[in-house]
Amino acid sequence: MNNNIEPNRSVVVLSGGMDSCVCAALAVRDFGAGNVAALHVSYGQRTEAREQQAFREICERLGIKQRLTVRNQALGQIGGSALTDSRVAVPEAGTEIGQQIPITYVPFRNAHFLSVAVSWAEVIGAEKIYIGAVEQDSSGYPDCRPEYYEAFNSVIRAGTKEGKIRIVTPLIAMRKAEIVSLGLRLGAPFELTWSCYSGLNRACGVCESCVLRLRAFEAVGVPDPIPYEAANSREANRK
Ligand SMILES: [Zn+2]
């Protein structure tokens, strides 16, 4: 392949959750859907099929035609996380979100995502890689820290042909409620997203991801459009 890196082309890492959906909507606003390529990496997580559905539907809605869906076999075999090991229960969120690294952390997961994204960007000539990592209002995962992405950009400079590709993290310093507000302004299709760690038809409303999401919508004062287990969504809103 001999594709030159184009500054107006981008790859967006799209898990199908609310943050990655807003990130994809931002990339489409900035570059146009025809210049945005979407990557989905599944890894044997509990909600794999539901997240793949969210990915497809978000791409359809945003008009992203260039897509890559890959399955990482390593993370599931390695395990060590409640998301990839069925013997480890997904915990309900406590009051101490973000204070210690929870069992839902998938060891060094985002490096696997980014490696695929960089390889693909180099082949299709995309200069920027958008990823919706959030540091504040998050679970405290170490692969969501700004210094991690700065270091990864050094790896890309040293390890790619032209050294021009770079990772962009537009949401990293935003509060979760700010992300909801931004998504609403951009027309991000929140109703198509899936954030829950365990539910497949209805979001559980009590895992950390659900609780962070419900709090954000509540802070903005708009209802979260996805279906929740009825009792749990109210409980989550009180936490
Ligand atoms: Zn949940």
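Residue numbers run consecutively from 1 along every chain, following the written order of its sequence. Where local features are concerned, this predicted model is filtered to residues with pLDDT of at least 70; where side-chain atom pairs are given and counted, the filter is 80 or more; whole-chain, interface and lining totals use all residues. Hydrogens and water molecules were not included; the side-chain quantities draw on all heavy atoms of the structure.

**Q** Describe the overall build of the protein, naming the residues involved and giving the relevant values.
**A** For the purposes of this entry, the term helix denotes a DSSP run of H or I that reaches at least four residues, the term strand denotes a run of E that reaches at least two, and both are numbered from the N terminus. A count of helical and extended segments in the protein gives 8 helices and 5 strands. When the helices and strands of the protein are placed in sequence order, the string is β-α-β-α-β-α-α-β-α-β-α-α-α. In terms of overall size, the protein behaves like a compact globule, its C-alpha atoms giving a radius of gyration of 17 Å where 239 residues would be expected to give roughly 18 Å. When its C-alpha atoms are laid out on the principal axes, the protein stretches across 55 × 40 × 30 Å. When each of the 239 residues of the protein is scored for burial, the buried share is 54%. Working rule for contacts: check all heavy atoms of both residues, and any pair within 4.5 Å makes them a contact. Considering only contacts within the protein whose residues lie at least 6 apart along the sequence, 75% involve residues at least 24 apart. Positive charges come from Lys and Arg, negative ones from Asp and Glu, while His and the chain ends are left out of the count. In this description, the location of a charge corresponds to atom NZ of lysine, CZ of arginine, CG of aspartate or CD of glutamate. Taking the average location of the 26 positive side-chain charges in the protein and that of its 25 negative ones, the two points are 3 Å from each other. Based on C-alpha atoms, the radius of gyration is set beside the globule rule, defined as 2.2 Å times the residue count to the power 0.38. Exposure is judged per residue with a 1.4 Å probe applied to protein chains only, and the accessible area is read against the type maximum: over 50% gives exposed, under 20% gives buried, and values in between give partly exposed.

**Q** How would you sum up the coordination of the zinc ion? Please name residues and give values.
**A** For Na, K and Ca the donor cutoff is 3.2 Å, while for all other metals N, O and S atoms count as donors only within 2.8 Å; water does not appear among the atoms, so some sites may look incomplete. Protein-derived ligands of the zinc ion are Cys196 (SG), Cys204 (SG), Cys207 (SG) and Cys210 (SG), with the metal-ligand distances lying across 2.3 to 2.4 Å. Each donor residue of the zinc ion belongs to the same chain, with the gaps between them written as C-x7-C-x2-C-x2-C. Under the relative-accessibility criterion, cysteine 204 is labelled buried at 11%.

**Q** Can you explain the pattern of salt bridges? Please cite residues and give values.
**A** Think of a salt bridge as a Lys or Arg side-chain nitrogen and an Asp or Glu carboxyl oxygen that are within 4 Å of each other. Here the structure, examined in full by the defined rule, presents 9 salt bridges. Measuring nitrogen to oxygen at the nearest pair gives 2.7 Å for the salt bridge that ties arginine 71 to glutamate 48. Note that arginine 71 is positioned in strand 3 (residues 66–71) and glutamate 48 in helix 2 (residues 48–62), a separation of 23 residues in sequence. By relative accessible area, glutamate 48 is classed as buried at 12%. Residue arginine 61 pairs with glutamate 191 through a salt bridge whose shortest N-O separation is 2.9 Å. With arginine 61 in helix 2 and glutamate 191 in the loop between helix 6 (176–186) and helix 7 (208–220), this pair connects stretches of sequence that are 130 residues apart. For glutamate 191, a relative accessible area of 37% corresponds to the partly exposed category.

**Q** Go over the packing of helix 4 (residues 109–124) against helix 5 (residues 146–159) with me, naming the residues and quoting the values.
**A** Between two packed helices, both the angle of their axes relative to each other and the distance between the axes serve to describe the pair. Direction vectors running N to C along helix 4 and helix 5 enclose 35°, while the axes themselves pass 12 Å from each other. Once helix 4 is placed against helix 5, the crossing between them reads as right-handed. Between helix 4 and helix 5, the residues in contact are Asn110, Ala111, Leu114, Ser115 and Val118 and Tyr148, Tyr149, Phe152 and Ile156, respectively. Under the scheme applied here, ten amino acids are nonpolar (Ala, Val, Leu, Ile, Met, Phe, Trp, Tyr, Cys and Pro), four are charged (Asp, Glu, Lys and Arg), and all others, including Gly, are polar. In the contact of helix 4 with helix 5, the residues fall into 7 nonpolar, 2 polar and no charged. Here the axes come from fitting lines to C-alpha atoms, over the contacting stretch only for helices, and the angles between their N-to-C directions go from 0 to 180 degrees. Whether a crossing is left-handed or right-handed is set by the direction in which the near helix is turned from the far one by less than a right angle, anticlockwise for left-handed and clockwise for right-handed.

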